[in-house]
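So the chains spell out like this:
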Amino acid sequence: MSFSAIMKYTYKSILFILITFYFLNAFGQNSKHNKEIIQYFDSIYGADNLLINGRIFMYPNYRAKGNPFFFGKDLKLCDIYINNRKFSNLSVNYNIVEDKLIVVTQINNNNISVELNNNLIDSFYISHYIFIKITNQNTGYYSSNIANTFTSTKELLFTKKFITIKNLGYFENIYEGNYQLLRKYLKSFSDKVSQEHSHGIYTDQKTILYIYRNGQLIDVSNKKKYINTFRKYKKEIKKFLKENKIKYKDANNIELIKLMTFCEKFS
C-alpha cells in the first residue's frame, strides 16, 4: 500500500471514530435504561451473539448527504414493548432505510450502538408516534387498542391480528377502529455521486398511508385512492372533507382521525 493510500485510510478511520464518538456520546444520558433492554435481548440470544451476529450498529455511508433516520439523526426518547414487557425512556434512533431500531449499551465501559432484533419487538412509542410491527400472515402482528394516538396515556394493550402484505416492517398506528389507518415512513440511499454529493445522498423522508381492511393493506396515499376505498359513499366523504376544510394531502393526524371516525359508519 502506498504512503498516500495509507494516509487516506488513516484519515477516514480517524474521521469515522470522531463521528462515531460524537454520535454515541449523546446516548450516554440514558445508558442505564438502554443497558436493561440489551441484557434482556442477550438473555434470549446470549451475549456473544451481539458480536458474532453483527448486531453492533455502524453508521452507514456517514459521509453522504442526509441520514437514514426518522426525522433526522438527533436522538429520541422511546418506549419499546417486547412480549408485553415495557422498556421506558430509551435513547434511540429509528433507521427507516433498514427499518431498524438503534439503541446504545455499554460494553467494557464503552458506549456501543446496537441494532435491535425486529423479531422480538412488538411495537414502540417514539417522539409521540406509535409504531406497530407488521409481519407476514403466518406470524401475525401486534397493534395497540388506542384509536387516538394523541391521548395522554402511552400504555399499549396488544391484540394479535393477521395480515397479508408484501411490505413488512414498522408502521405508525394513526387510527384503529373497524378500519385501521397506518403510515409507512420511507427513505433510501443513492450512491450516485455528483460535484455536490461526492459520497452519495439519502433521499428526503416520505410517507405512504394505508388502510387495513379484511386482512389487506390498501394504499390510500392520495385523496382519490382514499375515497375509492369507500366507493359507495364518495359524495358523503367529499362533502365531509369540504365542510371540515380538510385538505387530504396535507392532513395532520388529528384531521385523519376525524375523517376515519366519520367513515366508521360505512363499515
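Described in the following lines is the structure provided in the data block. Just so it is clear, the model here is predicted, and its values are computed rather than measured.

Some remarks on the pairing of strand β6 (residues 129–134)
And then number 1: In terms of burial, β6 is a largely internal element, five of the six residues being buried.
And then number 2: With four bridges connecting them, strand β5 (residues 123–126) and β6 associate as antiparallel partners. For Y125, the partnering residue across the bridge sits in β6 and is I130.
And then number 3: Linking β5 to β6, which pair antiparallel, is a turn of two residues; within it S127 sits at a positive phi near 50°.
And then number 4: Judged from the four bridges that link them, β6 and strand β9 (residues 169–176) form a sheet pairing that is antiparallel. Paired with F131 across the strands is E172, a residue of β9.

Concerning unusual backbone geometry
And then number 1: Phi is positive for H128, which is not a glycine, with a value near 70°.
And then number 2: Looking at where H128 falls in the secondary structure, it is placed in the loop between β5 and β6.
And then number 3: The exposed category is assigned to H128, whose relative accessible area is 61%.
And then number 4: In this model, K245 sits at a positive phi of 55°, which is unusual for a non-glycine residue.
And then number 5: Mapping K245 onto the fold places it in the loop between α5 (234–243) and α6 (253–263).

Some thoughts on the pairing of β9
And then number 1: Most of β9 sits out of view: eight of its eight residues are buried.
And then number 2: Sheet topology note: the β9/strand β10 (residues 180–186) ladder contains four bridges and is antiparallel. Bridged to N173 within β10 is L182.
And then number 3: Where β9 hands over to β10, the hairpin turn is made up of three residues, counted between the paired strands.

What about α5?
And then number 1: The set of residues buried in α5 consists of I237, F240 and L241. The buried side chains of α5 occupy one side of the element, clustering within an arc of 95° when seen end-on. Along α5, the residues that are exposed and aim more than 90 degrees away from the buried face are K235, K239, K242 and E243.
And then number 2: Summarising the contacts, the buried residues of α5 are in contact with α4 (223–229) and α6.

What to know about the packing of aromatic side chains
And then number 1: What the rule picks out here adds up to 24 aromatic pairs.
And then number 2: Judged by centre distance (5.4 Å) and plane angle (90°), the rings of F70 and Y129 are edge-to-face. Separated by 59 residues along the polypeptide, F70 in the loop between α3 (49–52) and β1 (76–82) and Y129 in strand β6 bring together distant segments of the chain.
And then number 3: On the numbers, 5.4 Å between centres and 90° between planes, the contact of F70 with F131 is edge-to-face. Placement of the pair is F70 in the loop between α3 and β1 and F131 in strand β6, with a sequence separation of 61 residues.
And then number 4: Residue F70 is classed as buried on the basis of its relative accessible area, which comes to 0%.

A look at α6
And then number 1: Buried residues of α6: N253, L256, I257, L259, M260, F262 and C263, and no others.
And then number 2: Where α6 is buried, its residues touch β9, β10, β13 (206–213), α4 and α5.
And then number 3: Measuring from the backbone nitrogen of I254 back to the side-chain oxygen at the start of α6 gives 3.1 Å, which picks out N252 as the cap.

What to know about the packing of α5 against α6
And then number 1: In the contact formed by α5 and α6, the axes pass within 11 Å of each other and the chain directions differ by 145°. At the point where α5 passes α6, the crossing takes the right-handed sense. Two secondary-structure elements touch here, α5 through E236, I237, F240 and L241 and α6 through K258, L259, F262 and C263.
And then number 2: Grouping the amino acids of the contact of α5 with α6 by side-chain chemistry returns six nonpolar, no polar and two charged.

Procedures and definitions
- Sequence order as written defines the numbering, with residues in each chain counted from 1.
- Note on the predicted model: pLDDT of at least 70 is required for a residue's local features to be given, and 80 or more for side-chain atom pairs to be given and counted; whole-chain, interface and lining totals, by contrast, use all residues.
- In computing side-chain values, all of the structure's heavy atoms are included and hydrogens and water are not.
- Each residue is placed in one exposure class: buried if its accessible area under a 1.4 Å probe, protein chains only, is under 20% of its type's maximum, exposed if it is over 50%, and partly exposed if it falls in between.
- Helix numbers and strand numbers start at the N terminus; a helix is a DSSP run of H or I with at least 4 residues, a strand a run of E with at least 2.
- When DSSP finds two or more bridges between a pair of strands, those strands are recorded as paired.
- Arc, as used here, means the arc of the directions from the helix axis to the C-beta atoms.
- Any two residues whose heavy atoms approach within 4.5 Å are treated as being in contact.
- Note on aromatic contacts: the rings of Phe and Tyr and the six-membered ring of Trp form a pair at centre separations within 6.5 Å, being stacked when their planes are under 30 degrees apart, edge-to-face when over 60 apart, and tilted otherwise.
- N or O atoms within 3.5 Å of each other form a polar contact, as long as, within protein, one can give a hydrogen and the other can take it, and as long as residues adjacent in sequence are counted only when both atoms are side-chain atoms.
- For helices, the axis comes from a line fit to the C-alpha atoms of the stretch in contact; other axes are also lines fit to C-alpha atoms, and the angle between any two N-to-C directions lies between 0 and 180 degrees.
- By convention, the crossing between two helices is left-handed when the near helix turns anticlockwise from the far helix through less than a right angle, and right-handed when the turn is clockwise.
- Nonpolar residues are Ala, Val, Leu, Ile, Met, Phe, Trp, Tyr, Cys and Pro. Charged residues are Asp, Glu, Lys and Arg, and all others, Gly as well, are polar.

Scope: geometric values only; no functional claims are made or implied.
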